[in-house]
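Spelled out, the chains give:
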Amino acid sequence: MTWRSPLALLTDALRAQREREKGLRTLASNLPYEGLDEGTRPNRYFPGNAVKTTKYTPLFFLPVNLFEQFHRFANIYFVGLAILNFIPVVNAFEPEVALIPICVMLTVTALKDGWEDFRRFQSDRKINNMRCSVYCRKRKEFAESRWKDVKVGDFVRVVSNEIIPADLLLLHTSDQDGVCHIETANLDGEANLKQRRAVPDVTAGTSRFEPEGFNCLVVCERPNNNLNHFKCYVEKPDKQKTGVGIESLLLRGCTVRNTDHTVGFVVYAGHETKSMLNNKGPRYKRSKLERKLNIDVIFCVILLFTMCLIGALGHLIWMKTLPSMPLYLVPDSQGHLDSPTLSSFYMFFTMIILLQVLIPISLYVSIELVKIGQVFFITNDVDLYDEDCDSRMQCRALNITEDLGQIEYLFSDKTGTLTENKMVFRRCTIMGTEYSHSENAVRLAVLDEPDLDEEVIFDQRSWHRRAEGTLEAEDAEPEATPHRHRNRGRSKVAGSAQGDVAFSSPLETEVIPDRKLLRRIVRTACSSSGRQEVDPYLDFFLALAICNTVVVSTATAQRQRAGRLPSSSLSSSPLDTLSSLANTVGSLRQIISSWQLKSMRSRTFSESWPAEEDCYNTDNDKTGGSGDLRSARSRNPAADSDELLYEAESPDEAALVYAARAYGFTLLTRTPDSVTVRLPHGEDLVFEVLDTLSFDSNRKRMSVLVRHPITRELVLYTKGADYTIMELLVTPYAEQLSDDQKSVAVNTQKHLDWYAQEGLRTLCFAKKVLSDRAYHDWSTGRQEALAAMENREELIRSTAAHLETNLTLLGATGIEDRLQENVPDTIVALREAGIQVWVLTGDKPETAVNIAYACRLLDEGDMVINMRSKDKLTCASMLDCTLEEVRRCGDGRQSMATNPTIALVIDGHTLAMVLESDLQGRFVELARRSRSVLCCRVTPLQKSAVVRVIREKLKVMTLAVGDGANDVNMIQAADVGIGISGQEGMQAVMASDFAISRFKFLKKLLLVHGHWCYTRLASMIIYFFYKNVAYVNLLFWYQFFCGFSGTAMIDYWLLIFFNLFFTSAPPIMFGIMDRDVSAETLLGLPELYRTGQGSGEYNFSTFWIAILDAFYQSLVCFFIPYWTVLHWVFMLGSVACFFIVTLAYSAMCITCNPPSDPYWMLQNQMADPMFYLVCTITTVVALLPRYTFHVLRNSLAPSPLVRARNLDRLDPSVRERWIEEWRSQRGAGGARHSGPPASPSPAPEVPSPFSPDLPDAVEPEITLNVITGRYLAPQKL
C-alpha cells in the first residue's frame, strides 16, 4: 500500500462526501478493475457492506460514555458539588467521600451502556461474517465471500431460502420468465410472497448470465428509507435507457423463496441499504410524568438554595452577635480570620454541599430500573399473549409505560384494528343484477355462533348436489352441516398446505356460489363457446381472477417459512412441538373429513360441466383454422387447482380470487408477461399481460392491461373504490346510452348503497377495449415516465389516469370484514374509563357507521351528527349551527343526571375544511363535547393531523392504534402509539411504542397495567422527595444549634449511604410490585382508570403536601430528639440495613472522620432503654397527622380506589356478585359516572348494603343530520 499525504486523504474524503450527496448515482461493474488499485475503481466513494451499530470503541469508551452521561443536568450538578467540596474554605466533609455517590451512579450507568453495546457488537460481527456468493473474475465463477466484503458494483448470487446481503438490482433468475419471489418478513413483517422481475432486455434471454458481459451503467437515486419506491434506469452502451422500479430491487434482509437462484448487481451496501436506513432502534419519548418530575426537581433546587441562603444569613447574624471570636475558628497562616460577610458567603456553598441529598441523585436510575421491571411483567402477561399467531406484547419504547395510565383520547383505525382484516366474499352485482349468495350467508351465520370456532368447515356437498341436478329449485332451503375444530388457530384449513399462507383461513377461502348466478354462468359458458366474443358475466369473473397482484404457488413447492421479527417471536422447544402433535390427534377425524370434502368438491364440480365442455369441443372442431384460439386454450390436466396457494398482498385480493375460483375461474399461474386462468369447463386461457397499473392512494384503483386470447383485443380490467370508478364510466347517464346501459349504472349504485348499509366493503369492476394504435401511443409515454428520474411518481400516475377513462361497468362486490373478538366489550370498557374513542377510517360513511353501531362506538340513544359539505362557507355555517344545537342540548340537560351523548360523523372532505385554522377551534369544541367521533374517507395525513390538533388544542394524553402502513403517521403523532401485528404487515408495529396482536388486549393493557404503572411511579417519586426532604431537614434544624457552621449531626459515610444503599431497594420494589387494586377489580370497574387522567395522583398539590409532611416529620424526629427511618413495612429492610451497617461501622472505625469519633457510639445508645422509647414515640408523633388525615378522608369521603380496595378484601365470588349487581343497575348511563358506588365493608360475614348510583334517564333517540348533499341515514343495528 502506497503512502498518501494527509491532504490527499482529506481531498478524497471531501470528494466522496460530494458523490454520496448527489441526487443521482452512476454505478459501473467492478469486474474490469478487479486486482487494480482501490483508487481506480469507479464505485470507491460509496461505503462497503459492513455494518456497525455500536456507539463505542474500547479506546474511547470511557470519554464518550462520560460525555453522553453529562448531557443530564443532574450528573453535572452532582459532579460540580463534588468538585466544590475540594475547595478548603467551603468543604463540608472529606472531599473523597463526596465523590462516592456520583461515581457509583456513573459506574452503574457505564456498565449498563457497555453491556448493551457489547451485545450490539456481537450481533454486528455475526451479520458481517455471514457467507454469500460474489462473482470473481479470476476464477470465472461465483466464489464464497463474507457480507462485509461485498461492495457496490459487485455481482452477488443468492439461492433459494438464502438471505439477501445487500440491495441488489435483479438481473437474472433461474425462472425462464425472469421472476423471483422474496419474503420480506424480516424487513416489514409481511409473510406473503412478493414477486420481483429481472431488468428486461439486459440478459438477452440467455439461460446463463455472464457478469463479465454486463457493460451497462446503472443510474439510481440517492439512498432513502422508502421501502416501496425506487428510481433507477439501466443505460446500455447504445445509450438506450430502461426504466427500473421497486419491482426489480431485492432488499437486504429479505429471503429468496421458490426460486433456485438469482443474480443481482449491488446498488446500495451497508448503512445505505433501505433496511439499515429504517433501523432506528428503540423509540425515545419523555413521558408526562417525567416532564412533571423535571419541574419538581427545579422546585427542589429552589428550595435547596432558599435553605442555604437561610443558613448563610444565620451564620452572618450568629458571627456578628458573638462578643469575641470562638477558639475553634482557626485563623489562616497569617493569623487573619475571614470577615463575617465573607464567611457567610463561603457558608452558602458549604450548605449546598451539606444539603445536597435534597436532590435525589438515585431517583433517575431508580426510575429506569422500575420501568424495566414494569416492561418485563407487561410483556410476560399471559393474558396479552395471542396463541393463534404465537405473539406476545412488545414494548418498543421503554420509558413511557406510565403514560398508558393517563390516556384521555384514543384514535383507532377500523380495518384490521377493530376488524379481523379477513375479507369474506358476501354478495355481488353483475350488469345491474344482484346476487345475494344466501347459502354462503348461512355458512357465515353458522360461523357466527358463539360456541363455534372460526375453523368451522361448511358441508359443501349439498350445493354440489344442487349444482348437478337441482339448480332449478331456487326456493329450496340450504342445508349446512358444521364440523367443529377443537383448537382455535391450531387446525386452520384443516391440515392443508394453505395454513402457512396469509389470508387463507377457511373463513376466507370457502365460498358457496349463488345458485342463480351459477346457472347463469353455466348457460353463458355453453352459449358463448367458440365465438369471438366474451359475455359480460365471464368478463366480470375474469376481472376478479386477473386484476390483482396475487402470486400463485403450489403445495409441492412450499418455502421454508422464515419467522417474524426476532423481537416478536417466541421460541418453541421440541417438547412444545410434541405437545402440539398430541393435541392434534383428537381432531384427526375432522381433518380427514375436510380433505374428503375438498376432494369431493373438486369431483362434483368438474362433473357438473360435461355438457358445456362438449359444446366447447364441438365448436372448436368447427372453427378448425383458428390457430390463435386453439393455442390460447391449452389443457393441463396434471395441474390440480386444489393444490394452488395464493400469496396476496391484501385480503381483498385474496377474497376476490377465491370467489372467482368458487365459480370455476381459477387463477393458475402469473408471470410478468402472462396470466393463466382455468375456465369452469376445464380449459386454460393464457392472457398476455402488457402492463399493470398498480394501486395507489391517490387513484384508489388498479388496472391490468391484457390481450384477450379469445377476441385478441386489448382489454383493460380495472377495479377500485366505487366513487372513483363511477366517475370514470362512459358518461353513464348520457342520453346516447341505451336504457339497459343506464339501468346498469343506476342499479349498481343502488346495490352499492345496500352493501354499505350492511357494513360491507365495496369494489367496482370495469373494462375498456383499446385499439392497437391507442395502446402504442400510450405505451410510448408510459416508457418515458418509467425511465424518468424526476417526478417519476407523478408521471406514472398521470399515464395511468390517462388510460383509465371511458370505462364500461361490469359489476361490483360486497366483502365483509368481520369484527375482532370482544371489540364491543373493549370499547364500552374504555368509554366507561373516561377515554374518548375516535375511529378514523377510509371507508364510506355508510359502511363506517354500520360498523360503529356493531362495535358499540355508537349507541341507539346517541344523538348522531352527520357533517358533510362541499364548500367552506357551508361548512362554517353548518359548524356554527351544530355547535349552537349541541350547547342548547347540553344546557337543557344540566338539571338531569346524565350528560348529552353526542356522536359526530364527518367525512374526509369536510374534515379537511374544519381542520383549517379559522374553523379549527370550533371543530375542537364540538369534538370535545362529543362522546364518540367517526371520521370517514380520511387519508393517512388527515389521521395524523386530527391527532395532532386534539393533542395540542385540548392538552390531553392521546393514544393511536393501527395495523397498517397508512396508520404510521397517526401512530407517530400521538403521545402513545400502539401497533397491531395483523395481516397488513409490521409497518405499524415498527413505528409504534407498544405492539399487540388483538384490539381486545387494550382493555387490560390500559385499565390494569397502565393504572398500575402510573400509580406505582407516582407514589415512588413522591416517596423519594418525601424521604430526602425529611432526612435533609434534620441537618438543617441542627444548624440552629451549631451556629450555622455547616456541621453534620450524622456521620458523613452514613449521610452518603442514605440514598445509595439504605433507602434504595424499597422504592424500587414498590415501583415494580405494588398493586393498589387487583386486576379483577380494575377490569370490573373501569371507572377506576379515571384517577390517572388529567393531573392524576401526582400533581402540584400532592407534591407540596408530601414536602410539608416531610418538614413536619423532620421537626418531630429532631426535637424528640433522635432520628430514625421507618415507613411502615416497606422500610423494615432499610432499617435493618441501617442498624447493621452502623453497628459494624461504629465498631471498626475509630478515627475515620476527625475530630468526630463514631467508635462504639450506637452500641452505647442501644444499651439504654430510653433509646427504644424515644424511637417509638418519635415514630408515632411523626406519622400521627398523616394517619389521622387518611382515616378521616377514607371514612367520610372515600375515593373510588379506596372503595375498590375494600372490594378486594371480599371473597372473589362475593366481589364478583357485587360488581355485577352494580353494573346491572347502572344501565346505559353508567359509562358517564365518575366513580364506582360505595364499596362494601371488608368484613365478609356482615356485608354492608350495596348502593350504586341510579341509572340515567332514558334519552329519546335524536339524530341531527347536518348535511348538504345526498346521504343515506345510518341503519341502527
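Below or above, wherever it landed, is the structure these notes cover.

Criteria and cut-off values
- Residues numbered from 1 in each chain as written.
- Predicted model: local features only at pLDDT ≥ 70, side-chain atom pairs only at ≥ 80, totals over all residues.
- Heavy atoms only, no water.
- Helix = DSSP H or I, 4+ residues; strand = E, 2+ residues; numbered from the N terminus.
- Buried < 20%, exposed > 50% of the residue type's maximum accessible area, 1.4 Å probe, protein only.
- Contact = heavy atoms within 4.5 Å.
- Areas by Shrake-Rupley, 256 points an atom, 1.4 Å probe, with all protein chains shown as cover.
- Pairing = 2+ DSSP bridges.
- Axes fitted to C-alpha atoms, helices over the stretch in contact; angles between N-to-C directions.
- Salt bridge = Lys/Arg side-chain N within 4 Å of Asp/Glu carboxyl O.
- Expected span 1.5 Å × (residues − 1).
- Core = buried A, V, L, I, M, F, W, Y, C linked by side-chain atoms within 4.5 Å.
- Parallel < 35°, antiparallel > 145°, perpendicular 65-115°, else oblique.
- Nonpolar A, V, L, I, M, F, W, Y, C, P; charged D, E, K, R; others polar.
- Left-handed = near helix turned anticlockwise from the far one by under 90°.
- Patch = residues over 30% accessible without salt bridge, like charges linked within 9 Å, V, L, I, M, F, W, Y side chains within 5 Å.
- Disulfide = S-S within 2.5 Å.
- Phe/Tyr/Trp six-rings, centres within 6.5 Å; stacked < 30°, edge-to-face > 60°.
- Lys NZ or Arg CZ within 6 Å of the ring centre and 35° of its normal.

What follows is about the overall build of the chain. The helix and strand tally for the chain stands at 41 helices and 35 strands. Taking all 1277 residues of the chain together, the buried fraction comes to 54%. At a minimum sequence separation of 6, the contacts of the chain that also span at least 24 residues come to 76%. Only carbon and sulfur atoms are counted for the fraction: they give 57% of the accessible area of the chain, which is about 55800 Å².

Overall, antiparallel pairing links the three strands, which are arranged β7-β6-β12 in an open sheet. The sheet terminates laterally at β7 (193-197) and β12 (255-257), the two strands that pair on one side only. Adjacent strand axes in the sheet meet at a mean angle of 45° when their direction is disregarded. Where strand β6 (residues 179-183) and β12 come together, three bridges link them in antiparallel fashion. Within β12, the residue paired with His181 across the bridge is Arg257.

In this structure the tally under the stated criterion is 41 salt bridges. A salt bridge links Lys1004 to Asp381; the nearest nitrogen and oxygen atoms lie 3.1 Å apart. Here Lys1004, found in helix α32 (residues 1001-1039), pairs with Asp381, found in the loop between α9 (363-379) and β14 (394-395); they are 623 residues apart in sequence, far enough to count as distant. Residue classification places Asp381 among the buried positions, given a relative accessible area of 11%. For Glu434, the salt bridge is made with Arg427, and the minimal N-O distance between the two is 2.8 Å. Note on Glu434: relative accessible area 17%, which makes it buried. Taking the relative accessible area as the measure of exposure, Arg427 reaches 16% and is therefore buried.

The next point concerns the pairing of strand β10 (residues 241-244). Regular strands have side chains that alternate between both faces of the sheet. Burial along β10 is one-sided: Thr242 and Val244 are buried, and none of Lys241 and Gly243, which face the opposite way, are. As paired strands, strand β9 (residues 232-235) and β10 are joined by four bridges and run antiparallel to one another. The partner of Glu235 across the bridge, within β10, is Lys241. Connecting β9 to the next strand, β10, in antiparallel fashion are five residues, including Lys239 with a positive phi near 70°.

Position of Ala110 relative to the elements: it lies in helix α4 (residues 95-128). The class for Ala110 is buried, based on a relative accessible area of 14%. Sequence-distant contacts of Ala110, that is, excluding residues within four places in its chain, are made with Phe61, Asn65 and Gln69.

Attention now moves to the sheet that holds strand β8 (residues 217-221). Strand order in the open sheet formed by four strands is β1-β8-β9-β10, with antiparallel pairing between adjacent strands. Of all the strands in the sheet, just β1 (24-27) and β10 have a single pairing partner and so form its edges. Strand after strand, the sheet turns through a mean of 20° between neighbouring axes, direction not considered.

Between the first and last C-alpha of helix α8 (residues 340-354) there are 20 Å, a value that for 15 residues agrees with the 21 Å anticipated at 1.5 Å per step. For α8, the full list of buried residues reads Ser343, Ser344, Met347, Thr350, Met351, Ile352, Ile353 and Leu354.

What follows concerns the pairing of strand β24 (residues 701-707). Counting buried residues in β24 gives seven out of seven residues, a clear majority hidden from the surface. Side chains Arg701, Ser703, Leu705 and Arg707 of β24 all project onto a buried face; the interleaved residues Met702, Val704 and Val706 project onto the opposite face, where all are buried too. Pairing of strand β23 (residues 684-693) with β24 involves five bridges; the strand directions are antiparallel. Directly across from Leu693, in β24, lies its bridge partner Ser703. Of the strand pairs in this sheet, β24 and strand β25 (residues 714-720) are connected by seven bridges, and their pairing is antiparallel.

Take the nonpolar core next. Of all hydrophobic cores here, the largest spans 76 residues; its most connected members are Leu293, Met307, Leu355, Leu363, Ile1021, Phe1025 and Tyr1098. Looking at this core element by element, the count peaks at 18 residues for α32. Those residues within four positions of Met307 in sequence are excluded, and the remaining contacts are Met351, Leu355, Leu358, Val1032, Asn1033, Phe1036 and Phe1111. Counting residues in each nonpolar core, the second largest holds 52 residues, with Phe425, Cys428, Met702 and Val715 among its members.

Our focus in this paragraph is helix α29 (residues 940-954). With 15 residues, α29 ought to run about 21 Å at 1.5 Å a step, and its terminal C-alpha atoms sit 22 Å apart, in line with that. Turning to α29, its buried residues are Gln942, Lys943, Ser944, Val946, Val947, Val949 and Ile950. Of the residues flanking the end of α29, it is Lys955, one or two places downstream, whose phi is positive at about 55°.

In contact at an axis separation of 12 Å, helix α7 (residues 288-321) and α32 are set at 5° when each is read in the N-to-C sense. Classified by the interaxial angle, the pair formed by α7 and α32 is roughly parallel. From α7, Leu289, Leu293, Asp296, Val297, Cys300, Met307 and Ile310 reach across to α32, where they touch Tyr1014, Leu1017, Ala1018, Ile1021, Phe1025, Val1032, Asn1033 and Phe1036. Class assignment of the residues belonging to the contact of α7 with α32 gives a composition of 13 nonpolar, one polar and one charged.

Bringing the packing of α9 against α32 into the picture now. Close contact between α9 and α32 brings their axes to 11 Å; oriented N to C, the two are set at 160°. On the basis of the axis angle, α9 is roughly antiparallel to α32. As for the relative orientation of α9 and α32, their crossing is right-handed in sense. Every residue of α32 that contacts α9 at Leu363, Ser366, Ile367, Val370, Lys371, Gln374, Phe377 and Ile378 is listed here: Leu1005, His1009, Cys1013, Arg1016, Leu1017, Met1020, Ile1021, Phe1024 and Phe1025.

A surface patch of nonpolar side chains, about 410 Å² in accessible area, is lined by Met1170, Leu1173, Ile1177, Val1180 and Val1181. Along the chain, the position of Leu1173 falls in helix α39 (residues 1169-1196). Overall, the relative accessible area of 46% leaves Leu1173 in the partly exposed class.

Below, the discussion takes up the state of the cysteines. For the structure shown, the criterion picks out zero disulfides. This cysteine, Cys936, is not joined by any disulfide, and Cys935 carries the nearest cysteine sulfur, 7.3 Å off.

In the Ramachandran plot, Asn258 falls in the positive-phi region, its phi being about 55° despite a non-glycine side chain. Structurally, the position occupied by Asn258 is in the loop between β12 and β13 (261-268). Phi is positive for Met431, which is not a glycine, with a value near 50°. Using a relative accessible area of 27% as the deciding quantity, one classes Met431 as partly exposed.

A few words on the environment of Phe1024. Assignment of secondary structure puts Phe1024 in helix α32. In the structure, Phe1024 is positioned 661 residues away from Leu363 in sequence and 7.1 Å away in space, judged by C-alpha atoms.

Applying the stated criterion across every chain yields a total of 36 aromatic pairs. When the centroid spacing of 6.1 Å and the interplanar angle of 55° are considered together, the rings of Phe345 and Tyr346 count as tilted. The partly exposed category is assigned to Phe345, whose relative accessible area is 48%. Owing to a relative accessible area of 23%, Tyr346 belongs among the partly exposed residues under this scheme. With centroids separated by 5.2 Å and ring planes inclined at 90°, the aromatic side chains of Phe1025 and Phe1103 adopt a geometry described as edge-to-face. One end of the pair, Phe1025, is in helix α32; the other, Phe1103, is in helix α36 (residues 1100-1119), with 78 residues separating them in the sequence. Clustering of aromatic rings is evident, with ring pairs tying together Phe299, Phe1025, Phe1100, Phe1103 and Trp1104. Seen from the ring of Tyr537, Arg520 lies directly overhead, with NZ or CZ sitting 4.0 Å from the centre.

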